[in-house]
Amino acid sequence: MVIALPLPVLPTRKDAMTALGAVFRPQLPPERLRAVARLADDVGLDELWLWEDCFLEGGVSTAAAALAWTERLRVGIGLLPVPLRNVAVTAMEAASLERMFPGRAVLTVGHGVQDWMGQVGARAASPLGLLGEHLDALRALLRGERLSVRGRYVRLDEVALDWPPEHPVEVLAGATGPRTLRLSGEKADGTLLTAATPVDGVRRARRLVEEGRRAAGRDGRHRIVVYLLTATGAGADARLRAELTAQGLESVPDVGVAGDAGAVAEAVRRLAGAGADTVVLQPTADEPDPEGFVRFTATEVRPLVPTET
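Residues numbered from 1 in each chain as written. Predicted model: local features only at pLDDT ≥ 70, side-chain atom pairs only at ≥ 80, totals over all residues. Heavy atoms only, no water.

Asker: Before we go on, may I ask you to explain the pattern of salt bridges in this structure?
Answerer: With the rule as written, the count across this model stands at 26 salt bridges. Between Glu 145 and Arg 143 there is a salt bridge, and its shortest N-O distance comes to 2.9 Å. Residue classification places Glu 145 among the partly exposed residues on the basis of a relative accessible area of 32%. As a salt-bridge pair, Asp 189 and Arg 218 come within 3.6 Å of each other at their nearest N and O atoms. (Salt bridge = Lys/Arg side-chain N within 4 Å of Asp/Glu carboxyl O. Buried < 20%, exposed > 50% of the residue type's maximum accessible area, 1.4 Å probe, protein only.)

As structure tokens, then:
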């Protein structure tokens, strides 16, 4: 059963493929990642997404391990908080992942949770300004440019990567508010939306991203990735409702889905119809069977979501 207001099933986008992924939540101990990643690779999951939530697990370390344990799986990091990272370090790590695992690592940067940033003494006076400077410098370094920058937050003196990527690297930005969504359109290659984003929110995000792209004179593809809070199996309705309540989302319509593969696939198609290129199923924090969730995503939901839309 979908926990949402009734809406008609929308057609999926006609100019893109709908990729399907799943989240390995950092509430699981990191030693569980190997089994989940290998299973994801074996069953043909499109993408496995990892989080760098304070103070659980590191995004780059877990992504590198997951990539090394697998052969074809794409691994997303959603997301790296820019207040915690010098942009040169972000670029070095992104370039290393791309050269070791070409085309398989997906990097997302964002503001980070401001309370967490405050806990570690890294809270920025202007999160938007910091993210914009970080994106500009990061994408330039990954293009192999040599940079000298004197920004408010980013300062570089003749910095260039000795081992830049051999192919373009996709850099996404995590965004929720209108200013950050426009900034993502202006400066990033894609946008990551949280599981608190309903179908109408995806449409709004796509519109704001496109406004930013037009303002910056950009063309080409901009990928929209959205998490979908998902529960299946025994007790799915109760687990989903409990998580929505814990996150203060119980009154938000059209967020989250509980049910079988058909119900989940319908929710994925709605998000795709609203402008999402990739939908990543996010299990509840108390998901009893992480491996089973990945298998469900790849073998039961994936066949019901067209790869050619």
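Asker: Looking at this structure, I do not really get a nonpolar patch on the surface. What am I missing?
Answerer: On the surface, Phe 55, Leu 84 and Val 120 cluster together into a nonpolar patch covering about 270 Å² of accessible area. Locating Phe 55 in the fold gives a position in the loop between strand E2 (47–50) and helix H2 (59–69). Residue classification places Phe 55 among the exposed residues on the basis of a relative accessible area of 51%. (Patch = residues over 30% accessible without salt bridge, like charges linked within 9 Å, V, L, I, M, F, W, Y side chains within 5 Å. Areas by Shrake-Rupley, 256 points an atom, 1.4 Å probe, with all protein chains shown as cover. Helix = DSSP H or I, 4+ residues; strand = E, 2+ residues; numbered from the N terminus.)

Asker: In this structure, what is going on with the pairing of strand E11 (residues 278–283)? I would like to understand it.
Answerer: The side chains of a regular strand alternate between the sheet's two faces. Counting buried residues in E11 gives six out of six residues, a clear majority hidden from the surface. In E11, alternate side chains face the same way, and those of Thr 278, Val 280 and Gln 282 on one face and Val 279, Leu 281 and Pro 283 on the other are all buried. Relative to E11, strand E1 (residues 19–24) runs parallel, the two sharing four bridges. Pairing of Ala 22 across the sheet is with Leu 281, part of E11. Pairing analysis gives six bridges linking strand E9 (residues 223–231) to E11, with the strands arranged parallel. Residue pairing in the sheet places Val 225 in a bridge with Thr 278 of E11. (Pairing = 2+ DSSP bridges.)

Asker: Explain the environment of Phe 101 to me, please; I cannot follow it from the model alone.
Answerer: Note on placement: Phe 101 falls in the loop between helix H3 (87–100) and strand E4 (105–110). When the C-alpha atoms of Phe 101 and Gln 119 are compared, they prove to be 34 Å apart, with 18 residues separating the residues in sequence. Discounting residues that sit within four places of it in the chain, Phe 101 has contacts with Ala 64, Leu 67 and Ala 68. (Contact = heavy atoms within 4.5 Å.)

Asker: Which parts of the structure should I look at to understand helix H5 (residues 127–142)?
Answerer: With 16 residues, H5 extends 22 Å between its outermost C-alpha atoms, agreeing within 8% with the 22 Å of an ideal straight helix rising 1.5 Å per residue. Inspection of H5 places Leu 130, Leu 131, Gly 132, His 134, Leu 135, Ala 137, Leu 138, Arg 139, Ala 140, Leu 141 and Leu 142 among the buried residues, and these make up the whole buried set. Of the surrounding secondary structure, the elements contacted by the buried residues of H5 are H3, E4, strand E5 (147–150), strand E6 (155–159), strand E7 (171–174) and helix H6 (178–187). In the stretch just after H5, Gly 144 is the one whose phi turns positive, near 90°. (Expected span 1.5 Å × (residues − 1).)

Asker: Would you mind going over the nonpolar core with me for this structure?
Answerer: Soluble globular proteins tend to pack their nonpolar side chains together in the buried interior. Leu 48, Leu 142, Val 279, Leu 281 and Val 301 are the most contacted members of the largest nonpolar core, which has 77 residues in total. Apart from residues no more than four positions distant in its own chain, Leu 48 is found in contact with Ala 22, Val 23, Phe 24, Leu 33, Val 36, Ala 37, Leu 73, Arg 74, Val 75 and Gly 76. Listed in part, the 18 residues of the second largest apolar core include Tyr 227, Ala 231, Ala 236 and Ala 258. (Core = buried A, V, L, I, M, F, W, Y, C linked by side-chain atoms within 4.5 Å.)

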